[in-house]
Amino acid sequence: NIGTLTKIYQNGESLLVSSTPAAGNLTLGYQAAPNLDAQGGLYSTYIGYQAGNTATSSSYNTAVGYQALKNVVNSGATLGNYNTAQGNQALFSNTTGYRKSAQGYAALFSNTTGYANSAQGYAALFSNTTGYDNSAQGASAIYSNTTGYRNSAQGYQALYLNTTGYVNSAQG
């Protein structure tokens, strides 16, 4: 019977954590958010090998997949919070970026502090580091963007070479 404050270990590493009802966290997977409850994170779910691996006090995050949201940390009321990552290595490099949604293998992979981005598709917004308010739908859409902001691209490799441009739109 798995209840509150339950921890199951594999080879000395936390495999499953069901936290207190007040914290509302659930982790499942080898090295998935192993320090989350100890540091005060709230209402997060990390499922997969090393999903949320560095999460400490980040809150309101959902990561599903191998190393999804692996490097997230928290350093403020919103920083590192309110993220959704689904897919292997989605939001892999994210540290304090917040309010992002990444679905697909390596979507928003390089994002560190960028915020309010949405990426759906294989490697969508892959190179984005600090860019914000971008929306990419399609495999490799806005792939090369690093610091550009308020861009929107729908379709395979749409705005692929955009790196620092802003307020662009491309479909197709």
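Once a new chain begins, its residue numbering starts again from 1 and follows that chain's sequence as written. Local features in a predicted model are, by the rule used here, given only for residues with pLDDT of at least 70; side-chain atom pairs are given and counted only at 80 or more, and totals for whole chains, interfaces and linings are based on all residues. Computation of side-chain values: all heavy atoms of the structure, hydrogens and water removed.

## Considerations on the packing of aromatic side chains
Next up, step 1: Note on aromatic pairs: the rings of Phe, Tyr and Trp (six-membered ring only in Trp) are paired at centre separations within 6.5 Å, and the planes decide the class, stacked below 30 degrees, edge-to-face beyond 60, tilted for the rest. Using the criterion set out here, one finds 13 aromatic pairs in the structure.
Next up, step 2: Ring geometry for Tyr 49 versus Tyr 66: centroids 5.4 Å apart, planes at 10°, classification stacked. In this pair, Tyr 49 is assigned in the loop between strand 4 (45-47) and strand 5 (62-64) and Tyr 66 in the loop between strand 5 and strand 6 (84-86), connecting sequence segments 17 residues apart.
Next up, step 3: Relative accessible area decides the class of each residue, using a 1.4 Å probe on protein chains only: under 20% of the type maximum gives buried, over 50% gives exposed, and in between gives partly exposed. Residue classification places Tyr 66 among the partly exposed residues on the basis of a relative accessible area of 37%.
Next up, step 4: For the ring pair Tyr 143 and Tyr 160, a centre distance of 5.0 Å and an interplane angle of 10° mean the geometry is stacked. With Tyr 143 in the loop between strand 9 (135-137) and strand 10 (152-154) and Tyr 160 in the loop between strand 10 and strand 11 (169-171), this pair connects stretches of sequence that are 17 residues apart.
Next up, step 5: Following the ring pairs from residue to residue traces out a cluster consisting of Phe 92, Phe 109, Phe 126, Tyr 143 and Tyr 160.
Next up, step 6: Two limits define a charge over a ring: the Lys NZ or Arg CZ must be within 6 Å of the ring centre, and within 35 degrees of the ring normal. We note Arg 99 situated over the ring of Tyr 82; from NZ or CZ to the ring centre the distance is 5.5 Å. In DSSP terms, a helix is any run of H or I states spanning at least four residues, a strand is any run of E spanning at least two, and both are numbered starting from the N terminus.

## Comments concerning a nonpolar patch on the surface
Next up, step 1: Note on patches: the residues involved have over 30% relative accessible area and no salt bridge, like charges join within 9 Å, and the nonpolar side chains Val, Leu, Ile, Met, Phe, Trp and Tyr join within 5 Å. In these tables, accessible area is a Shrake-Rupley quantity obtained with a 1.4 Å probe, and a residue counts as shielded only by the protein chains included in the view. Only one rule defines a salt bridge in this text: a Lys or Arg side-chain nitrogen within 4 Å of an Asp or Glu carboxyl oxygen. On the surface, Leu 28, Ile 47 and Val 64 cluster together into a nonpolar patch covering about 200 Å² of accessible area.
Next up, step 2: Along the chain, the position of Leu 28 falls in strand 3 (residues 26-28).
Next up, step 3: Classification of Leu 28 by relative accessible area gives partly exposed; the value is 40%.

## Observations regarding unusual backbone geometry
Next up, step 1: Positive phi values are uncommon outside glycine, yet Gln 67 reaches one of about 55°.
Next up, step 2: Checked against the element boundaries, Gln 67 lands in the loop between strand 5 and strand 6.
Next up, step 3: The buried category is assigned to Gln 67, whose relative accessible area is 9%.
Next up, step 4: Here the phi dihedral of Gln 89 falls at roughly 60°; this positive angle occurs in a residue that is not glycine.
Next up, step 5: By the element assignment, Gln 89 lies in the loop between strand 6 and strand 7 (101-103).
Next up, step 6: We classify Gln 89 as buried; its relative accessible area is 16%.

## Digging into the nonpolar core
Next up, step 1: In terms of nonpolar packing, the biggest core is built from 25 residues, with Tyr 46, Ala 63, Leu 69 and Ala 85 touching the most fellow members.
Next up, step 2: Apart from the residues lying within four places of it in its own chain, the contact partners of Ala 63 are Thr 45, Tyr 46, Ile 47, Ala 51, Ala 68, Leu 69 and Ala 85. Here the nonpolar core consists of buried residues drawn from Ala, Val, Leu, Ile, Met, Phe, Trp, Tyr and Cys, with membership extended through side-chain atoms lying within 4.5 Å. Only heavy atoms matter for contacts: two residues are in contact if any of them lie within 4.5 Å across the pair.

## Topic: the pattern of salt bridges
Next up, step 1: Evaluated as defined, the whole model comprises 1 salt bridge.
Next up, step 2: With its nearest N and O atoms 3.4 Å apart, the salt bridge here joins Asp 133 to Arg 150. Of this pair, Asp 133 sits in the loop between strand 8 (118-120) and strand 9 while Arg 150 sits in the loop between strand 9 and strand 10, placing them 17 residues apart in sequence.
Next up, step 3: When its relative accessible area of 47% is taken as the criterion, Arg 150 is described as partly exposed.

## Quick word on the side chain of Asn 162
Next up, step 1: In this structure, Asn 162 sits in the loop between strand 10 and strand 11.
Next up, step 2: If we skip the residues at most four places from it in the chain, Asn 162 touches Ile 142, Ser 144, Asn 145, Asn 151 and Asn 168.

## With respect to the side chain of Ser 140
Next up, step 1: Mapped onto the elements of the fold, Ser 140 is located in the loop between strand 9 and strand 10.
Next up, step 2: Residues contacting Ser 140, with those up to four places away along its chain left out, are Tyr 122, Ala 123, Ala 124, Gln 157, Ala 158 and Tyr 160.

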